[in-house]
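Listed here are the chains, written in short residue letters.
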Amino acid sequence: MPYVPIAQHIYSQPDEVELVKVKLFKQVAYYCLCLHLLFIFAFWYSQVYILAIANIASVAAWAMGIYLLNLGHSHLALRVFCVEVTAHSVLVCATLGMDYGFQYYLWTIACMLLLDMKLKLRLAITLSLVLIVLFAALFELFNDVQTAFVFHDYARPIHFINVFVCGLPMIYVIGHVRESTFIQRHQLATLAARDPLTNLFNRRYAKELILRAHSSCAHNDQSLCVVMADLDHFKQINDQLGHDVGDEVLQTVSNILREHVTDQDIAVRWGGEEFLLVLVDCTLEEALQRLETLRQTLEKQRFNGDELTATMSFGVALWHTALPFSVTLQLADDALYSSKAKGRNCITAARSG
Ligand SMILES: Nc1nc2c(ncn2[C@@H]2O[C@H](COP(=O)(O)OP(=O)(O)OP(=O)(O)O)[C@@H](O)[C@H]2O)c(=O)[nH]1
C-alpha cells in the first residue's frame, strides 16, 4: 500500500466549497461549450469565417477545461477558461467592433479568476484588474471598427443578449459559492460546539455559554442550578455488552436529557459518561423535582433491544451568583459523589453554597 502521510490524509481532502466550485465550473463549461458551438454556426452563416474557426478553437478549449476538471485540476481548467475568454473577446471586438457586447465576458472571467485558490490573492486581484483594464482599453482600440456584418441591424438585441448570457454564470457561480461557504461555516461552528457522539454541547464551548447564562441570571435576579450527572456502573455495560452498546446508551441518555431541559438550559457532555446540566431560572426545589422526573424516566428506559436498563446518579447545587462557577461545580460534584456513595440512582443536593 502506498505511504500516505497522516496530515495529508486528513487535510488534503477537497472541502465542500471546493467540490461545489468544481461542479459549478463544469456546469458553466458545458454552458459555454454549447454557446461556442452555436457561435460556430452563427459566424459561418454570416461569413465571418475567422470567428467561426476561432469558435472551433474555443469549443476545444472548453472541452479541455472539462477534461481538466474531471481530473481534479480545477485551477488549471480555470486558467484555460480565462485565456479562451480573453482571446475570444479581444478577437471578436477587433473583428466586429464594440456594438455587440462581446467585451462583457471579460467581467465574468475577471470575477471567476478570483476563485482560483492556487493563485495568491494579490496576484488574482492583479490579473482580474488587468482584465478590467483590457475591457476599458477595447473601447479605445476598437470603438470605430466598421464591418459589413450581416446581423448589423440586430446589434442592440445581440448586445443585450451578450450582457445577459455572460452575467448569468457570474451570478450563478458566486451565489452558489457564497451559499456553500455559509453552510460550511455553520457546519464548522456546530462541529466546534457539539460532542459528535451525543450532539450535546462539548465542555469547551459550554463554558462560554455557562458564563453568559450566569451573568444574565445575575442581572435578572434569577436563580441557577448546576447539576452533575453520571451513569451508574457504565464500565460494566461496556465490558459485558461492548462499546457499541455503551455508545447507544450514551446517545439515548443524551436524548432524554435534552428532552428534560428547556431552551435556555445548558446540557453538556462533560466527560465520558458524565454530564453537566445548568438549569436556568430554576430554584433548588424545582431542580430536585425536575431531576426526579428525569431519574424515573431513565430508570424505565430500555436499551439494546429490551434487555438492558441503566440508571444515573445526580448531584445538584444552587449557584449563588456571587460565587465562581468552579466552586459551584465542585459542590455539585461532591453531591454526586454522595449519591454514588448512597448506592447510586439517586439525587443529592449540595448543602450550602
Ligand atoms: N462506550 C463508550 N464508553 C465510554 C466512552 N467514554 C468513556 N467510556 C467508558 O466509561 C466507563 C467509565 O467507567 P467508570 O469511571 O469506572 O465509572 P462507572 O463504571 O460508571 O462506575 P460508577 O461511576 O462508579 O457508577 C469506562 O469504561 C470508559 O471506557 C464513550 O464515548 N463510549
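Parameters and conventions
- Positions within a chain are numbered from 1, following the residues in the order the chain's sequence is written.
- Thresholds applied to this predicted model are a pLDDT of at least 70 for local features of residues and 80 or more for the giving and counting of side-chain atom pairs; totals over whole chains, interfaces and linings are not thresholded and use all residues.
- Water and hydrogen atoms were dropped before computing side-chain values, which therefore reflect all heavy atoms in the structure.
- Classification of ring pairs uses Phe, Tyr and Trp, with its six-membered ring standing for Trp, and accepts pairs whose centres are within 6.5 Å; under 30 degrees between planes counts as stacked, over 60 as edge-to-face, and the remaining range as tilted.
- Secondary structure elements follow DSSP: runs of H or I no shorter than four residues count as helices, runs of E no shorter than two count as strands, and numbering proceeds from the N terminus.
- Think of it in three bands: with a 1.4 Å probe and only protein chains considered, a residue is buried below 20% of the maximum accessible area for its type, exposed above 50%, and partly exposed in between.
- Throughout this description, the term charge over a ring refers to an Arg CZ or Lys NZ atom that lies within 6 Å of the ring centre and within 35 degrees of the ring normal.
- Convention adopted: a line fitted to C-alpha atoms gives each axis, helices being fitted over their contacting stretch, and angles between N-to-C directions are expressed from 0 to 180 degrees.
- Should an angle lie under 35 degrees it is considered roughly parallel, over 145 roughly antiparallel, and from 65 to 115 roughly perpendicular; all remaining angles are considered oblique.
- The contact criterion used throughout is that any non-hydrogen atoms of two residues lie within 4.5 Å.
- Polar here means any residue other than Ala, Val, Leu, Ile, Met, Phe, Trp, Tyr, Cys and Pro, which are nonpolar, and Asp, Glu, Lys and Arg, which are charged; Gly is therefore polar.
- Criterion used throughout: strands pair if DSSP finds at least two bridges between them.
- What counts as a salt bridge is simple: a side-chain nitrogen of Lys or Arg found within 4 Å of a carboxyl oxygen of Asp or Glu.
- The pocket and cavity definitions rest on a 1 Å grid over protein atoms only: a 1.4 Å probe that fits but cannot leave marks a cavity, an open set with protein on both sides within 12 Å along at least five of seven lines marks a pocket, and residues lining either have an atom within 4 Å of a point.
- Grid points are joined across faces, edges and corners, and a volume is the space filled by probe spheres set on the points.

On to the packing of aromatic side chains. Taken as a whole and assessed by the stated rule, the structure comprises 17 aromatic pairs. Geometrically, the ring pair formed by Trp 107 and Phe 135 is edge-to-face, given 5.6 Å between the ring centres and 75 degrees between the ring planes. Within this pair, whereas Trp 107 is found in helix H5 (residues 105–113), its partner Phe 135 is found in helix H6 (residues 121–142), the two being separated by 28 residues in sequence. Taking the relative accessible area as the measure of exposure, Trp 107 reaches 37% and is therefore partly exposed. The exposure class assigned to Phe 135 is buried, which follows from its relative accessible area of 11%. Each member of the aromatic cluster is reached from another via a ring pair, and the members are Phe 39, Phe 43, Tyr 45, Tyr 100, Phe 102, Tyr 105, Phe 149, Phe 151 and Tyr 154. The ring centre of Phe 201 lies 4.1 Å from the NZ or CZ of Arg 194, which sits over that ring.

With that out of the way, let us pick up the packing of helix H3 (residues 49–70) against helix H4 (residues 74–96). Two numbers describe a pair of packed helices, the interaxial angle and the distance between the axes. Packing of H3 against H4 brings their axes to within 8 Å, and their N-to-C directions diverge by 170 degrees. In terms of axis orientation, H3 runs roughly antiparallel to H4. Contact residues: H3 offers Ile 50, Leu 51, Ala 54, Asn 55, Ser 58, Ala 61, Trp 62, Met 64, Gly 65, Ile 66, Leu 68 and Leu 69, while H4 offers Ser 74, Leu 76, Ala 77, Val 80, Phe 81, Glu 84, Val 85, His 88, Leu 91, Val 92, Thr 95 and Leu 96. A class-by-class count of the residues in the contact of H3 with H4 yields 17 nonpolar, 6 polar and 1 charged.

In terms of burial, strand E2 (residues 224–231) is a largely internal element, 8 of the 8 residues being buried. Burial of the side chains of E2 extends over both faces: Leu 224, Val 226, Met 228 and Asp 230 are buried on one face and Cys 225, Val 227, Ala 229 and Leu 231 on the other. Pairing analysis gives 7 bridges linking E2 to strand E4 (residues 274–280), with the strands arranged antiparallel. Paired with Val 226 across the strands is Val 278, a residue of E4. For E2 and strand E5 (residues 312–318), the ladder comprises 7 bridges, and the chain directions are antiparallel. Looking at E5, one finds that Val 226 is bridged to Ala 317.

Proximity of charged atoms lets side chains of opposite charge pair with each other. Evaluation of the coordinates by the stated rule reveals 10 salt bridges. Three or more residues are tied together by salt bridges with common partners; here these are Asp 230, Asp 232 and Lys 340.

Further remarks concern the layout of surface pockets. Its boundaries defined by the atoms lining it, the largest pocket holds a volume of some 310 Å³. As for the largest pocket, its lining consists of 14 residues, and the residues nearest its centre are Phe 39, Ala 42, Phe 102, Ile 158 and Ile 161. Counting residues per element, the ones that place at least two in the lining of the largest pocket are helix H2 (16–45) and helix H7 (155–193). The element best represented in the lining of the largest pocket is H2, accounting for 5 residues. Residue composition of the lining of the largest pocket, by class: 13 nonpolar, 1 polar and no charged.

We now examine empty space enclosed by the protein. Summed over the entire model, instances satisfying the criterion amount to 2 cavities of 30 Å³ or more. Considering only enclosed or pocket space, the largest cavity measures out at about 250 Å³ in volume. Among the elements of the structure, H2, H4, H5 and H7 are those that each provide at least two residues to the lining of the largest cavity. Per-element tally for the lining of the largest cavity: the top contributor is H2, with 7 residues. In terms of residue class, the lining of the largest cavity is made up of 17 nonpolar, 4 polar and 1 charged.

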